[in-house]
Amino acid sequence: MGIKTALPAAELGLYSLVLSGALAYAGRGLLEASQDGAHRKAFRESVRPGWEYIGRKMVPARPVPSPTLTCPTSFCPGLPQDVADFEWVMWFTSFRNVIIFALSGHVLFAKLCTMVAPKLRSWMYAVYGALAVMGTMGPWYLLLLLGHCVGLYVASLLGQPWLCLGLGLASLASFKMDPLISWQSGFVTGTFDLQEVLFHGGSSFTVLRCTSFALESCAHPDRHYSLADLLKYNFYLPFFFFGPIMTFDRFHAQVSQVEPVRREGELWHIRAQAGLSVVAIMAVDIFFHFFYILTIPSDLKFANRLPDSALAGLAYSNLVYDWVKAAVLFGVVNTVACLDHLDPPQPPKCITALYVFAETHFDRGINDWLCKYVYNHIGGEHSAVIPELAATVATFAITTLWLGPCDIVYLWSFLNCFGLNFELWMQKLAEWGPLARIEASLSVQMSRRVRALFGAMNFWAIIMYNLVSLNSLKFTELVARRLLLTGFPQTTLSILFVTYCGVQLVKERERTLALEEEQKQDKEKPE
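About the cut-offs
- The residue numbering used here restarts from 1 in each chain and proceeds along that chain's sequence as written.
- At least 70 in pLDDT is required for a residue's local features to be given in this predicted model, at least 80 for side-chain atom pairs to be given and counted, and no such filter applies to totals for whole chains, interfaces and linings, which use all residues.
- With hydrogens and water stripped out, all remaining heavy atoms of the structure feed into the side-chain values.
- Think of a patch as exposed residues, more than 30% relative accessible area, with no salt bridge, where like charges cluster within 9 Å and nonpolar side chains (Val, Leu, Ile, Met, Phe, Trp, Tyr) cluster within 5 Å.
- Computed with a 1.4 Å probe, the accessible areas rest on the Shrake-Rupley method; for each residue, only the protein chains presented here act as cover.
- A pair is scored as a salt bridge if a Lys or Arg side-chain nitrogen falls within 4 Å of a carboxyl oxygen belonging to Asp or Glu.
- Only DSSP runs of H or I covering at least 4 residues are called helices, and only runs of E covering at least 2 are called strands; the numbering of each starts at the N terminus.
- For every residue, the accessible area obtained with a 1.4 Å probe (protein chains only) is divided by the maximum for its type, and the residue is called buried under 20%, exposed over 50%, and partly exposed between those limits.
- Residues grouped as a nonpolar core are buried Ala, Val, Leu, Ile, Met, Phe, Trp, Tyr and Cys residues, joined through side-chain atoms within 4.5 Å.
- The contact rule is simple, with two residues in contact once any of their heavy atoms fall within 4.5 Å.
- Cysteine sulfur pairs qualify as disulfides if the two atoms are within 2.5 Å.
- One less than the residue count of a helix, multiplied by 1.5 Å, gives the span that helix is expected to have.
- Any two of the Phe, Tyr and Trp rings considered here, Trp counted by its six-membered ring, make a pair once their centres fall within 6.5 Å; the pair's planes then place it as stacked at under 30 degrees, edge-to-face at over 60, or tilted in between.
- To sit over a ring, a charge needs its Lys NZ or Arg CZ within 6 Å of the ring centre and within 35 degrees of the ring normal.
- Whenever a nitrogen or oxygen atom comes within 3.5 Å of another N or O atom, the pair is scored as a polar contact, on the condition that within protein one atom can donate a hydrogen and the other can accept it, and that pairs from neighbouring residues in sequence are kept only if both atoms are in side chains.
- Fitted lines through C-alpha atoms give the axes, limited to the stretch in contact for helices. The angle between two N-to-C directions lies from 0 to 180 degrees.
- Crossing handedness is defined as follows: a turn of the near helix away from the far one that is anticlockwise and smaller than a right angle gives a left-handed crossing, while the clockwise case is right-handed.
- When residue character is reported, Ala, Val, Leu, Ile, Met, Phe, Trp, Tyr, Cys and Pro are called nonpolar, Asp, Glu, Lys and Arg charged, and the others, Gly included, polar.
- With respect to orientation, any angle under 35 degrees is reported as roughly parallel, any angle over 145 as roughly antiparallel, any angle of 65 to 115 as roughly perpendicular, and every other angle as oblique.

A closer look at a nonpolar patch on the surface
A surface patch of nonpolar side chains, about 1,000 Å² in accessible area, is lined by Val385, Ile386, Phe414, Phe418, Phe422, Trp425, Met426, Leu429, Trp432, Leu435 and Ile438. Of all the secondary-structure elements, those providing two or more residues to the nonpolar patch are helix H16 (385–403), helix H17 (407–430) and helix H18 (433–441). By relative accessible area, which is 32% here, Val385 ends up partly exposed.

A short note on the nonpolar core
Counting 116 residues, the largest nonpolar core has Ile296 and Trp460 as the members making the most contacts within it. Tallying contributions element by element places helix H14 (residues 308–339) first for this core, with 15 residues. Beyond its immediate sequence surroundings of up to four residues, Ile296 is in contact with Leu30, Ser34, Phe43, Phe302, Ala303, Leu306 and Leu314. Residues Tyr15, Tyr355, Ala456 and Tyr500 belong to the second largest nonpolar core, which totals 12 residues.

A short note on helix H9 (residues 227–234)
All of the buried residues along H9 are Asp229, Leu230, Lys232, Tyr233 and Asn234. Taken together, the buried residues of H9 touch helix H4 (121–137), helix H5 (139–157), helix H8 (195–219), helix H10 (237–240) and helix H11 (248–255).

Regarding the state of the cysteines
Within this structure, the stated rule accounts for zero disulfides. Residue Cys210 stays outside any disulfide, its sulfur separated by 3.4 Å from that of Cys149, the closest cysteine. Residue classification places Cys210 among the buried positions, given a relative accessible area of 0%. Free of any disulfide, Cys350 has its nearest neighbouring cysteine sulfur in Cys501, separated by 18 Å.

Observations concerning helix H12 (residues 266–290)
Its 25 residues place the ends of H12 36 Å apart at the C-alpha level, agreeing with the 36 Å of an ideal helix rising 1.5 Å per residue. Restricting attention to buried positions, one finds in H12 the residues Glu266, Ile270, Gln273, Ser277, Val284, Asp285, Phe288 and His289. Structurally, H12 contributes buried residues whose contacts are with helix H1 (9–36), strand S2 (80–82), helix H2 (86–91) and H14.

Comments concerning the packing of aromatic side chains
Under the criterion given, the structure shown has 29 aromatic pairs. Between Tyr153 and Phe213, the aromatic rings sit 6.1 Å apart at their centres with planes inclined by 35°, giving tilted as the arrangement. Placement of the pair is Tyr153 in helix H5 and Phe213 in helix H8, with a sequence separation of 60 residues. Residue classification places Tyr153 among the buried residues on the basis of a relative accessible area of 18%. With a relative accessible area of 0%, Phe213 lands in the buried category. Pairing Phe459 with Trp460 gives two aromatic rings, centres 6.2 Å apart and planes at 85°, and the pair type is edge-to-face. The burial state of Phe459 is the same as that of Trp460; both residues are buried. Linked through ring pairs, Tyr125, Tyr153, Phe213, Tyr225, Tyr233, Tyr236, Phe239, Phe248 and Phe251 together constitute an aromatic cluster. The ring of Trp402 is capped by Lys176, whose NZ or CZ atom sits 5.5 Å from the centre of that ring.

Concerning the environment of Met464
Following the sequence through the fold, Met464 ends up in helix H19 (residues 444–470). Each C-alpha atom, one on Met464 and one on Ala315, is 8.0 Å from the other, the two residues being 149 residues apart in sequence. Setting aside residues up to four positions removed in sequence, Met464 forms contacts with Thr476, Val479 and Ala480.

A short note on the environment of Ser204
By the element assignment, Ser204 lies in helix H8. Ser204 gets classed as buried once you look at its relative accessible area, which sits at 1%. Remark: the alpha-carbon pair of Ser204 and His224, spanning 20 residues in sequence, is separated by 25 Å. Side-chain polar atoms of Ser204 contact the backbone oxygen of His200, separated by 2.8 Å.

Looking at the packing of H8 against H9
As a packed pair, H8 and H9 sit with axes 10 Å apart at the nearest point and diverge in direction by 145°. The interaxial crossing formed by H8 with H9 has right-handed handedness. Side by side, H8 and H9 meet where Thr206, Arg209, Cys210, Ser212 and Phe213 of the first sit next to Asp229, Leu230, Tyr233 and Asn234 of the second. Classifying every residue of the contact of H8 with H9 by side-chain character gives four nonpolar, three polar and two charged.

Some thoughts on the packing of H1 against H14
It is the contact of H1 with H14, at a shortest axis distance of 8 Å, that shows an interaxial angle of 90°. Compared by their axis directions, H1 and H14 come out roughly perpendicular. Mapping the contact onto sequence places Tyr25, Ala26, Gly29 and Leu30 in H1 and Ser309, Ala310, Leu314 and Ser317 in H14. Class assignment for the residues of the contact of H1 with H14 results in five nonpolar, three polar and no charged.

A short note on unusual backbone geometry
Pro179 follows Asp178 through a cis peptide bond whose omega is 5°. By the secondary structure assignment, Pro179 is in the loop between helix H6 (161–174) and helix H7 (180–185). Residue Phe488 is joined to Pro489 through a cis peptide bond whose omega torsion reads 5°. Turning to its location among the elements, Pro489 is positioned in the loop between helix H20 (473–486) and helix H21 (490–524). One non-glycine residue, His341, adopts positive backbone phi at about 65°. Looking at the element boundaries, His341 is found in the loop between H14 and helix H15 (364–379).

Distances and angles like these do not, on their own, reveal function.
Next up, the structure:
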């Protein structure tokens, strides 16, 4: 209620002013803290002198015990840089050229095959992907994955969805729990920096893709999908190691087009997406020279000395960075997929625009997979309390298995499962007679303001619940204690009001987009 209700322009302007000022103030405190702590002993391992992106010589800001962890992607020579994120550093240093070479080869061969033999392009994707996997991880690892593919293909022939899902989850568990994970990791040839990341990524996504194939085969027995269809689906290189995952029905329908046609303006959109990914990479690199958002939380004594506003900004920026990281990864991969005439899952919704748990996810592909095969299947319309509880428990149980069972993942799953159900309980409570009558007595604008207030509280619940897994439990406890206990009431209410302003601006953006969509549909209607 109230999402289509406009607020006065002056009120929205005030919200923009408050939000901008608060972000600038928090950013200034975080910048000063980063510069003050740049040479702390505790930061030595994760704050290193940067390199020029196109330069050849490092300009050290201070002595460095080991130059192997310095970051040659830096645009700011001489300034220390936060290199605490191992994956990000490896993607754009040691493996940058390998990634560019592999994806460029895929694009080149795909284009040639599309021009010469368009009917065979899906086979080209599979062969090139399989060869790339074998060259990276070794032939025994490729055979291991083929064994999992064949196992789930055989299960699909029996036409029992419960059997396919159960076998898929068992296969996934074999890559997440000892002793099977240790045994299977031995199939990888050689050792290198990202070996563990590539092993878990390739194996886990393979299982999800094979499970999707098996479930779609059970749902559509008349289509007679073959093992070749599964291999074409699984070994599509851009999606293989890091996703996103497309459900088999969508991938098969798109890749089977013999003469795909591009929509008007699609090439411009692809170029824009590629350019945006490059800009995002450069922006993150420059940002890490001035804001050590990944390193500061590891030193709780130092973090505890931050002003309340800077500490809140630090917690918020950790989640924003994780979204940017996912957006860059999926942006690069999706650019290649779009060149292949596919319509891949889009990057996740920005954390800044999230104020409900129902829209919170950091991988849209896995979210779509879980919704289609588990969450929507059990929860139905998601309006009944008990079915929704069962659906969320089942969904987060599988998510826990996907992430790898451990104490912190159990806690993360419990908190987010609770948050999703709590939203439904509050919605049911709001529909209860007395409360519904109270809201009905309010103006639509006031109703929107009240709901935005609850959205602001929900926003911080989303941040705290996900900060547990993205950073650490101790840092989350520190943030919660400072913002809710020692900072009460001044800090608590100030941050809540700033967040309320942000939620109102997000709601206004949603309202504008909804109106534009309605106008577009009205124009498309026949006279």
